[in-house]
Amino acid sequence: MASNSTTPKNKSNSSFITMQDDIQCPSNDQDQSVIPENQPKINNIFSPDGEKYSTNNKRQQQLNNSIIQNLIVNMGMPLSIVDHVSFKNFMNDVDPKYKPIHRRDITRSFLPTLHQRCIKKLQEICAQSTYVSLTLDVWTDRRKHTSEKLSAEFDRIIQLYNLNGKVVRLITDNASNNLAAFNNIILPGFEDYFNEITEDDESGSESNDEESDDCGSNGNKRLEANEVDDSVYQTTLNAPAEEEFMRLPCFSHSLQLVVNDGIKASGTALSSLKKVAELARLAHCSTQFAERLEKVNHRIPKANRTRWNSQFQTVKKVINIPSSTLNSILTDLKKNDLILTSRDRKSLEEFVSLFELFNQATVLTQGESYATVTLVAPTVLGILYDLQRELSSSTLILTCLCEALISSVKARFSGLLRHFEIDVPFDSFSMSERFSDIIFVISPLFDGRFKLLWLDNLHTVVKMRVLEKLRGAFVRFFSKLNLSMSQSVEADVSNERKASDIDETTNSIESLTKRKCLFPYFNETKKNSFNDKLKILIELDAYLCEESNDENLLFSKKHIYPCLYQLGLKYLSVPATSAPIERIFSQSGFLMRSHRASLSTKNVCLLTFLKCNKVLL
């Protein structure tokens, strides 16, 4: 190309060759004369020492934000990555004019700014919300998490987001001191399986943890029977009266404690479950076994220590492999000791059948995009009736397991089951009586899929009494809601009056004195109560007669059922579990790995907060 520099064939080639000549022969006046005045020099474009973007440049800000949000916050990359020479070289390839950001700038400026932006958006969301429910979980550290500190933090959150008068319920785990009381639930026979799996193998990838709907960890200790002290939460909020509690137990935690009680009584299935664990381990250490399974469209998923239902899924996958297929593969591999006998399969099938509804409930009640409190009562009744049907079978092998599950359900959900006149033991667990909160009974009616269908298994007389209780609860709650709304309206009325209105006001007062009554509010309250009762019951009866079973029926027809709609807004804000906040701790655990020990407490909190609120960034 240099040889053609004197006879360029087109303008673009001429320009390019001139730039080359500029580098080779800077003293050539003829070549210099054809260079445009604003022509950028090649070393300013491609040299890493060339001109860089200014701090306020849009492209510079775009790349800074992308690095922080996508790499640091979303992917959880170390903060120090921006100071690594390889990362700087990479960014130079992306855009040579980009000015590298420093770790110090991230921790001192960018993260705090994003944090404040998120808080502001959350405050705006809370300001637009009429009702809010909270979940609470804390690190297990009794030295730091005293009742005074919990109370101060609780009050700080209420004030920060201006939640006074808006909080409907607070969901915590079942420990009386609000500290995590979970232990791993491991199915019988899976102990050795996990002993031979390294921590890295078991934890899995971050993406898998995020996509899972399973609860992180579970408990297996019997809790205290004494009543829980809620005074720590009364600094800002007053506990509701009658059958309502400010603090409610985590449903998923209670459900998994029932699972753990049942697992302790699974001795009959122990040998069969051990074979399943051995098969699962073989599937992940023997390529030949795994490939043979894949050829017949089967695979055995890896079980996780911290998720009991991942182990349940492993058992389920194994028994779904046809007996002849599995036995043939094991025989060829000389693994005859792992062949499942007919009795093994019978035990495993019963095991899966008994825990199937627990598995479904564990997943369904931990959703974050729909109301979950509606699922609690129908789930408990559905599981109890299913277990009782299983127990009545004359061919049941795992009788002890089934009886243990029934006993545990009745003990841990005793407060709820008493509403349906079901016999429950007198000795209960901590927080079990709190399931008597009437919110668990009325909330299914707000879901068009349930209405009253979930009560069909009750005796007719009992069902009628439950319906009367429900109607009374709707009247009582709506009256309280109406009173609260009217007080809010009155509080917003300005006390300022114009001078021209004084005479009119005085005349009005004088006319009222002619019909004075010592206790005028007696008649007014009675009138309001009657009107409230009439409105809410008319709506309730019409709503229950709707043929549609759409989940959001109440909200799609809020103009037809305004009273029910207002109640639904309040009580459907309550989550069934505190599982979402436990996932936040899982995220913190991912950040606080051993090779990132230099992270400060402040930065861990900032990164966790931003990660869990990334949709607001």
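Definitions and cut-offs
Residues numbered from 1 in each chain as written. Predicted model: local features only at pLDDT ≥ 70, side-chain atom pairs only at ≥ 80, totals over all residues. Heavy atoms only, no water. Core = buried A, V, L, I, M, F, W, Y, C linked by side-chain atoms within 4.5 Å. Buried < 20%, exposed > 50% of the residue type's maximum accessible area, 1.4 Å probe, protein only. Helix = DSSP H or I, 4+ residues; strand = E, 2+ residues; numbered from the N terminus. Salt bridge = Lys/Arg side-chain N within 4 Å of Asp/Glu carboxyl O. Contact = heavy atoms within 4.5 Å. Pairing = 2+ DSSP bridges. Axes fitted to C-alpha atoms, helices over the stretch in contact; angles between N-to-C directions.

- Per an unreviewed UniProt entry, the protein is named HAT C-terminal dimerisation domain-containing protein, and its organism is Rotaria magnacalcarata.

1. Looking at the nonpolar core
For step 1, the next point in the chain: In terms of nonpolar packing, the biggest core is built from 106 residues, with Phe-289, Phe-355, Phe-358, Val-409 and Phe-420 touching the most fellow members.
For step 2, the next point in the chain: When residues of this core are assigned to their parent elements, the largest contribution, 10 residues, is made by helix H21 (residues 460–492).
For step 3, the next point in the chain: Of all hydrophobic cores here, the second largest spans 39 residues; its members include Ile-72, Ile-119, Val-132 and Leu-134.

2. Things to note about the pattern of salt bridges
Note that side chains of opposite charge can pair when their charged atoms are close.
For step 1, the next point in the chain: For the structure shown, the criterion picks out 17 salt bridges.
For step 2, the next point in the chain: Notably, a salt bridge pairs Lys-275 with Asp-344, separated by 2.8 Å at the nearest N-O pair. With Lys-275 in helix H12 (residues 270–285) and Asp-344 in helix H16 (residues 342–364), this residue pair connects regions lying 69 residues apart in the sequence.
For step 3, the next point in the chain: One salt bridge connects Lys-316 with Glu-356, and the closest N-O pair in it is separated by 2.9 Å. Residue Lys-316 is found in helix H14 (residues 308–319), and its partner Glu-356 is found in helix H16; the two are separated by 40 residues along the sequence.
For step 4, the next point in the chain: Of the residues examined, Lys-316 reaches a relative accessible area of 24% and is grouped as partly exposed.
For step 5, the next point in the chain: Note on Glu-356: relative accessible area 17%, which makes it buried.
For step 6, the next point in the chain: A single network of salt bridges, built from pairs that share partners, joins Asp-447, Arg-449 and Glu-551.

3. What about the side chain of Glu-350?
For step 1, the next point in the chain: Looking at the element boundaries, Glu-350 is found in helix H16.
For step 2, the next point in the chain: Apart from residues lying up to four places away in sequence, Glu-350 is in contact with Thr-395, Leu-396, Ile-397 and Leu-398.

4. Overview of the sheet that holds strand E3 (residues 247–249)
For step 1, the next point in the chain: Across the sheet, which stays open at both edges, the 3 strands sit in the order E1-E2-E3 with parallel pairing between neighbours. The sheet is open, and its two edges are formed by strand E1 (132–135) and E3, each paired on a single side. Between one strand and the next, the sheet's axes are offset by a mean angle of 30°, whatever the strand orientation.
For step 2, the next point in the chain: In this structure, E1 lies alongside strand E2 (residues 167–172), joined through 3 bridges in parallel fashion. What sits directly across from Thr-135, in E2, is Ile-171.

5. Looking at the pairing of E2
For step 1, the next point in the chain: Most of E2 sits inside the fold, with 6 of its 6 residues counted as buried.
For step 2, the next point in the chain: Across 3 bridges, E2 lies against E3 in parallel orientation. Note that in E3 the partner of Thr-172 across the bridge is Pro-249.

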